[in-house]
Structure formats: C-alpha cells, structure tokens
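Commentary on secondary and tertiary structure
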Amino acid sequence: MERLTLRCDCGNLEVTAPLPEQVTACNCGICRRYAALWAYYAFGEVTLRVGEAGVALWQRGDREIEFVRCARCGCVSHYRTLPVDPEPLIALNTRLAEPALGNIPVRQADNAWR
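A short tour of the structure in this document, coming up. Here, residues in each chain are numbered from 1, in the same order as that chain's written sequence. For this predicted model, a pLDDT threshold of at least 70 governs which residues receive local features, and a threshold of 80 or more governs which side-chain atom pairs are given and counted, while totals over whole chains, interfaces and linings are taken from all residues. Calculation of side-chain values draws on the structure's entire complement of heavy atoms; hydrogens and water are dropped beforehand.

Before going further, it helps to examine unusual backbone geometry. With the exception of glycine, the majority of residues adopt a negative phi angle, and the majority of peptide bonds are in the trans configuration. For A35, which is not glycine, the phi dihedral falls at a positive 55°. Of note, A35 is situated in the loop between α1 (29-34) and β4 (38-41). Burial status follows relative accessibility: with a 1.4 Å probe on protein chains alone, a residue under 20% of its type maximum counts as buried, one over 50% as exposed, and anything between as partly exposed. The exposure class assigned to A35 is partly exposed, which follows from its relative accessible area of 41%. Only DSSP runs of H or I reaching four residues or more are called helices, and only runs of E reaching two or more are called strands; each is numbered from the N terminus.

Buriedness for pockets is judged along seven lines, at least five of which must meet protein on both sides within 12 Å for an open set on the 1 Å grid over protein atoms alone, while cavities are sets there where a 1.4 Å probe fits but cannot get out, and lining residues have an atom within 4 Å of a point. Grid points are joined across faces, edges and corners, and a volume is the space filled by probe spheres set on the points. Approximately 300 Å³ is the volume attributed to the largest pocket. Forming the boundary of the largest pocket are 17 residues, of which Y40, R60, I65, Y79 and N111 lie nearest the centre. Within the residue set of the lining of the largest pocket, elements represented by two or more residues are β3 (23-26), β4, β8 (76-81) and β10 (106-109). Just so you know the grouping, Ala, Val, Leu, Ile, Met, Phe, Trp, Tyr, Cys and Pro go in nonpolar, Asp, Glu, Lys and Arg go in charged, and all remaining residues, Gly too, go in polar. Considered class by class, the residues forming the lining of the largest pocket number nine nonpolar, three polar and five charged.

Along the polypeptide, I104 turns up in the loop between β9 (90-93) and β10. Residues I104 and E87, spaced 17 residues apart in sequence, show a C-alpha to C-alpha distance of 25 Å.

Stacked, tilted and edge-to-face pairs are distinguished by plane angle, under 30 degrees for stacked and over 60 for edge-to-face with tilted covering the rest, among Phe, Tyr and Trp rings (Trp via its six-membered ring) whose centres lie within 6.5 Å. All chains considered together, the criterion is met by five aromatic pairs. Taking 6.3 Å as the distance between ring centres and 55° as the angle between the ring planes, the aromatic pair formed by W38 and F67 counts as tilted. Linking W38 in strand β4 with F67 in strand β7 (residues 65-70), this pair joins segments that are 29 residues apart in sequence. Relative accessible area serves as the criterion here: at 1%, W38 is assigned to the buried category. Measuring from ring centre to ring centre gives 4.8 Å for W38 and Y79, while their planes differ by 70°; the resulting arrangement is edge-to-face. A residue pair is termed long-range when its members are at least 10 positions apart, and W38 in strand β4 and Y79 in strand β8 qualify at 41 residues. Side by side, W38 and Y79 carry an identical accessibility label, which is buried. A connected cluster of aromatic rings, assembled from ring pairs, spans Y34, W38, W58, F67 and Y79.

This part takes up the environment of L57. Along the chain, the position of L57 falls in strand β6 (residues 55-59). Between the alpha carbons of L57 and F67 there is a distance of 5.6 Å; along the sequence they are 10 residues apart. Among all residues touching L57, those that are not within four sequence positions of it are E66, F67, V68 and R80. Whether two residues touch is decided by their heavy atoms; if any such pair falls within 4.5 Å, the residues are in contact.

This next bit is on the environment of N93. As for its position among the elements, N93 is in strand β9. Since its relative accessible area comes to 4%, N93 is described here as buried. Between the C-alpha atoms of N93 and A39, which are 54 residues apart in sequence, the distance is 6.7 Å.

See the structure below:
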C-alpha cells in the first residue's frame, strides 16, 4: 500500500497515512486562510511523530475541532475532532506532502459563511 508522508518545514513533525483517493479544498474562513488540502482518516490509520519542539494547538470558536501546528516553524499539519465528537476523525493537510501530491482529485467543499 502506498503511503502519504507529511513533514513540516523544519522536520519537527512527520505524519504518515495511506495515500488518499481524493483531497478536499474547503472555503471556510480558516481552511481558506491555511490554503490546506485535507485528507480524512480514522485515528488508527495515522502515525504522528513529534520532535522535541512540540506542537501548538488551536480550537475554533465552535470548539468542535483542534488544529495542530509545529511549535517551531508554524506549519499546520492536521486537525482532529475533539473527544465529544461521535464520529472522530483526523484531517491531514496534504500540502505538506513529501513529495507533493500529483494527480489526486480535489473535491471542493463550499462551507463559507454567507
């Protein structure tokens, strides 16, 4: 099985998971600002290695998901649902893929507030 590897700019964070069949471009305020392309997984499908610099966490105002970024270089690697979510998932920012993803289809998600 082909694997996806994500790394932050300084190498402090490394995430691996199966190669996704598609990724999602969301236009909500935070995703648009991060310019992320998300791939969604169950927690058990993802391996996360965190270096000594650690991570920084941020929860959106609705407190439903928690964004994770490298505490050294600031790259957003993923977000995860919080324990209260009945359908837990982790979304990986495939913009950090090494090497960059090529021909994987991009699904557009219209979640902008109007």
